[in-house]
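Commentary on secondary and tertiary structure
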Amino acid sequence: YQRRVREAVVSTQSTGAIAEQVITPWDVKGEDEKGIDYDKLIRQFGSQKMTDELLERFTKVTGHQPHHFLRRGIVFSHRDFDHILTLKEQGKPFYLYTGRGPSAGTLHIGHCVPFMFTKWLQDVFDVPLVIQLTDDEKFLWKDLSLEECNRLAHENIRDIIAFGFNPEKTFIFSDLEYIPSCKEFYWNMVKIQKCVNYNQAQKIFGFDETSYIGKISFPSIQLPRASVLLFLISSERRNSRVSSLVLSTRTRIFE
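Predicted model only: the values in this text are computed from it and were never measured.

Moving on, we get to the nonpolar core. Among the nonpolar cores identified, the biggest contains 31 residues, and Phe 81, Phe 117, Leu 121, Phe 125 and Leu 245 are the most heavily contacted of them. Those elements that place two or more of their residues in this core are helix H2 (52–62), helix H3 (68–71), helix H4 (81–90), strand E6 (94–100), helix H5 (109–125), strand E7 (129–133) and helix H7 (146–161). With seven residues, H5 is the largest single contributor of residues to this core. For Phe 125, the contacting residues outside a window of four places in its chain are Phe 58, Thr 62, Phe 81, Ile 84, Leu 85, Lys 88, Phe 94 and Leu 245. Val 130, Tyr 178, Cys 182 and Phe 185 belong to the second largest nonpolar core, which has 13 residues in total.

Let's shift gears to the sheet that holds strand E8 (residues 170–174). Overall, parallel pairing links the four strands, which are arranged E8-E7-E6-E9 in an open sheet. The two strands at the open ends of the sheet, each matched to only one other strand, are E8 and strand E9 (243–246). Averaged over neighbouring strand pairs, the angle between their axes works out to 25° when direction is ignored. Relative to E9, E6 runs parallel, the two sharing four bridges. Across the sheet, Leu 96 pairs through a bridge with Leu 245, a residue of E9. Against the sheet, H4 makes contact with E6 and E9, and its axis sits at roughly 130° relative to E9, the strand it touches most.

Cut-offs and rules
Residues numbered from 1 in each chain as written. Predicted model: local features only at pLDDT ≥ 70, side-chain atom pairs only at ≥ 80, totals over all residues. Heavy atoms only, no water. Core = buried A, V, L, I, M, F, W, Y, C linked by side-chain atoms within 4.5 Å. Buried < 20%, exposed > 50% of the residue type's maximum accessible area, 1.4 Å probe, protein only. Helix = DSSP H or I, 4+ residues; strand = E, 2+ residues; numbered from the N terminus. Contact = heavy atoms within 4.5 Å. Pairing = 2+ DSSP bridges. Axes fitted to C-alpha atoms, helices over the stretch in contact; angles between N-to-C directions.

See below:
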């Protein structure tokens, strides 16, 4: 739900051999034919289960019944969602963040899940939303030209807009187009790049000697998303701390 960007590997003994459950931003692999063990995933990522008590508190704070994704366990885990509810109670600002890596011209049903849920959260909380199109990421990971990645981003944006987000409180941007024009975004990227060495990045993301240097530095591009909020918040709040609720999924379609 709120993704802690790191590799989760769970090893078990199965028929005398070691099987691994691997979850990264780019790959999903279950340890056996049963698929993903979500309880192990929660423990490895350091998140918490969505409990009935938390959903009851959500109803009390917002006056809304939980979304069916919450009631049915589709959104099954969180980190600090209780903190977001506290901010709502206290009337303090926060914003929503989600995104899309455009590798195809249209969204499949798995891609739609986080946007459907984010639309509902924006309606309930009435807060700003930032949607990042990581077309630069797809250029680094896929055999696509920069021009094609950017074109796919624009195609995906049309689909995303159709979910009906509040146009007055939503900012959708392409990395390839927006980052060169935003000094604050780039400055935050550079600060983050100085905080993480290669050894740390290698352990977190599984990079090796064949990884392009663009892949190694890419995670620093996704973290400074608060920089794009400058247009959404008033000038007196721009120097204050603003929390975010990150909507994240790892989709995998089996055929």
